[in-house]
Amino acid sequence: MFNVSTIELSTEALRQNLAFIRKVIGADTKLCSVVKGNAYGHGIGTFTALAQRLGAELFAVYSASEAYELKKQLQNGAQIYIMGDADGNALDWAVEHDISFNIFEKNRLSQAIHAGKAQGKKALVHIEVETGMHRTGFPITELPDVLELCRAYPEVIEIKGICSHLAGAESQDNRLRIDAQKTRFKEAITISGLHEPRPAICHLACSAGILNEPDTLYDMARVGILHYGFWPNGETRERFMKAHKLKEDPLMRVIRWWSRVMSVATVPAGGFVGYGNDFQAQVETRIATIPMGYAYGYARSLSNTGHVLVRGKKAPVRGIVNMNCITVDVTGIEGVEKGDEAVLIGTQDGNSISVASFGDLSDQLNYELLTRLPHSIPRVVVEKHH
Ligand SMILES: *Cc1c(COP(=O)(O)O)cnc(C)c1O
């Protein structure tokens, strides 16, 4: 009810990102919106409602518990797909609600058959193949068995797709491994004979795949980080922009996270700010306190290194990030007062704090930082960021 901070999602940004992605993947490849990790911190309910309004029809989560959360919030019509954890009761629940899921081991396949029989309906499955990630997936040698088993129960198993996941398509350092994965996936499709004559959708590409490895585009691409407006990494951005001779970044950040200045104080020269002696003012300094600390998702590792935007200017974090507040230096910024908006991620008056730079500073990836944004922060949709 009383908000410490707010996360705004930009309709304009998501619309632009989806248009860009659809152009890259082409009309023959369907887009699956990956919304695991609370939609990469964007807020799963708010984000999927917006994405659905902009044409997304299929949402992928990692676990049944995420699927459950999404199901509660999603409007009718969209499909949910679980890429990872669904077991026991959770798997029964998924079958009951026509939620598709990966099968990557015989035990799960038997569970799916069992659930289908018990409920008198079809379990919707994607067969995950091990191609080199070595996480989950059937080895190619087991495929004939798996398919035979599925086909023995046509009334309870419906094969929706065949898939695998790329291990590190964002970097050319992984060239050999990615090439081997592509080859194995092709083999898997051939062996399974699933693509023709009875088509099941084949899908391999994630964000880095669609940008760096166009031959990983089959019938569907599972896109996460890119549709939120972030590149998988800097290497991919540079490579793609150069190859396509782009001058301007085609992506727009969907997220903007802000709080407010709670109070402003003057620290005399020589005074220490906050706990301990991590920061000592060399000259008389104006310090603004913002009610935003590590308890609310602002990483402690940004102590003395992070920045926020106040009145369109960068104010550096001084001293340690506390549990519930940070202190920032606003000495050079004219007229800062209590109640001013403080932007933690995103733009303000033409200046911006990207998660990437926030990330580089604290030595973390965009993915991790975003997903750590607490569920309790209110998410709101706006037409565009100002
Ligand atoms: C997370 C995930 C994706 C999406 O990855 P991005 O790099 O965010 O596009 C695709 N497939 C699987 C199996 C995933 O776990």
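As the structure is a prediction and not an experimental result, all values here were calculated from the model. (Residues numbered from 1 in each chain as written. Predicted model: local features only at pLDDT ≥ 70, side-chain atom pairs only at ≥ 80, totals over all residues. Heavy atoms only, no water.)

## Notes on the packing of helix α7 (residues 143-152) against helix α8 (residues 175-192)
- For the pair α7 and α8, the least separation of the axes is 10 Å and the interaxial angle reads 40°. As far as their axial angle goes, α8 and α7 are oblique. By crossing handedness, the relation of α7 to α8 is classed as right-handed. Along its contact with α7, which presents L143, P144, L147 and R151, the element α8 presents A188, I191 and S192.
- Across the contact of α7 with α8, the residue classes tally to 5 nonpolar, 1 polar and 1 charged. (Axes fitted to C-alpha atoms, helices over the stretch in contact; angles between N-to-C directions. Helix = DSSP H or I, 4+ residues; strand = E, 2+ residues; numbered from the N terminus. Parallel < 35°, antiparallel > 145°, perpendicular 65-115°, else oblique. Left-handed = near helix turned anticlockwise from the far one by under 90°. Contact = heavy atoms within 4.5 Å. Nonpolar A, V, L, I, M, F, W, Y, C, P; charged D, E, K, R; others polar.)

## Focus on the state of the cysteines
- Scanning the entire structure with this criterion turns up 0 disulfides.
- Looking at the unpaired C206, the closest cysteine sulfur is the one in C32, lying at 12 Å. (Disulfide = S-S within 2.5 Å.)

## What about the site of the ligand?
- Neighbouring the ligand are 13 residues; K36, Y40, S207, R222 and I225 lie closest to it.
- A distance of 2.5 Å is found between an oxygen atom of the ligand and a side-chain nitrogen or oxygen belonging to Y40.
- At a separation of 2.9 Å, an oxygen atom of the ligand approaches a polar backbone atom of G224.
- Relative to its unbound accessible surface of 390 Å², the ligand loses 92% to contact with the protein. (Near = heavy atom within 4 Å. Polar contact = N/O pair within 3.5 Å; in protein donor to acceptor, adjacent residues only side chain to side chain. Areas by Shrake-Rupley, 256 points an atom, 1.4 Å probe, with all protein chains shown as cover.)

## Focus: helix α5 (residues 89-96)
- Taken residue by residue, α5 has L91, W93, A94 and V95 as its buried positions.
- Following α5 by one or two positions, D98 has its phi on the positive side, about 55°. (Buried < 20%, exposed > 50% of the residue type's maximum accessible area, 1.4 Å probe, protein only.)

## Brief notes about α7
- Within the span of α7, buried status applies to L143, V146, L147 and C150. Mapping the buried residues of α7 onto a view down its axis gives an arc of 95°, with all of them on the same face. (Arc of directions from axis to C-beta.)

## Brief notes about the packing of aromatic side chains
- Evaluation of the coordinates by the stated rule reveals 8 aromatic pairs.
- A centroid spacing of 5.9 Å and a plane angle of 45° characterise the contact between W231 and F240, whose relative ring orientation is tilted. For the residue pair W231 and F240, the accessibility class agrees, reading buried in each case.
- Chaining the aromatic ring pairs together yields one cluster made of F20, W231 and F240. (Phe/Tyr/Trp six-rings, centres within 6.5 Å; stacked < 30°, edge-to-face > 60°.)

## Some details on the nonpolar core
- Counting 116 residues, the largest nonpolar core has F101, I127, I157, I210 and Y298 as the members making the most contacts within it.
- Two domains share this core, each providing at least three of its residues, namely domain 1 (11-243) and domain 2 (255-382).
- One finds V267, V273, F279 and I287 within the second-largest nonpolar core, a separate group that totals 5 residues. (Core = buried A, V, L, I, M, F, W, Y, C linked by side-chain atoms within 4.5 Å. Domains from an automatic or database assignment.)

## What to know about the domain arrangement of the protein chain
- Assigned domains within the protein chain: domain 1 (11-243) and domain 2 (255-382).
- Computed from C-alpha atoms alone, the centre-to-centre distance between domain 1 and domain 2 is 37 Å.
- At the junction of the two partners, domain 1 supplies 14 residues and domain 2 supplies 12 residues.
- In total, about 1,200 Å² of surface goes out of reach between domain 1 and domain 2, with carbon and sulfur atoms giving 63% of it.
- The interface formed by domain 1 and domain 2 includes 0 salt bridges.
- The tally of links between domain 1 and domain 2 comes to 3 residue pairs in polar contact (both at pLDDT 80 or more).
- Listed by contribution, the elements that provide at least two residues to the side of domain 1 that touches domain 2 are α2 (36-40) and α3 (44-53).
- Counted by class, the side of domain 1 that touches domain 2 contains 6 nonpolar, 7 polar and 1 charged residues. (Buried area = accessible area lost by both parts, 1.4 Å probe. Salt bridge = Lys/Arg side-chain N within 4 Å of Asp/Glu carboxyl O.)

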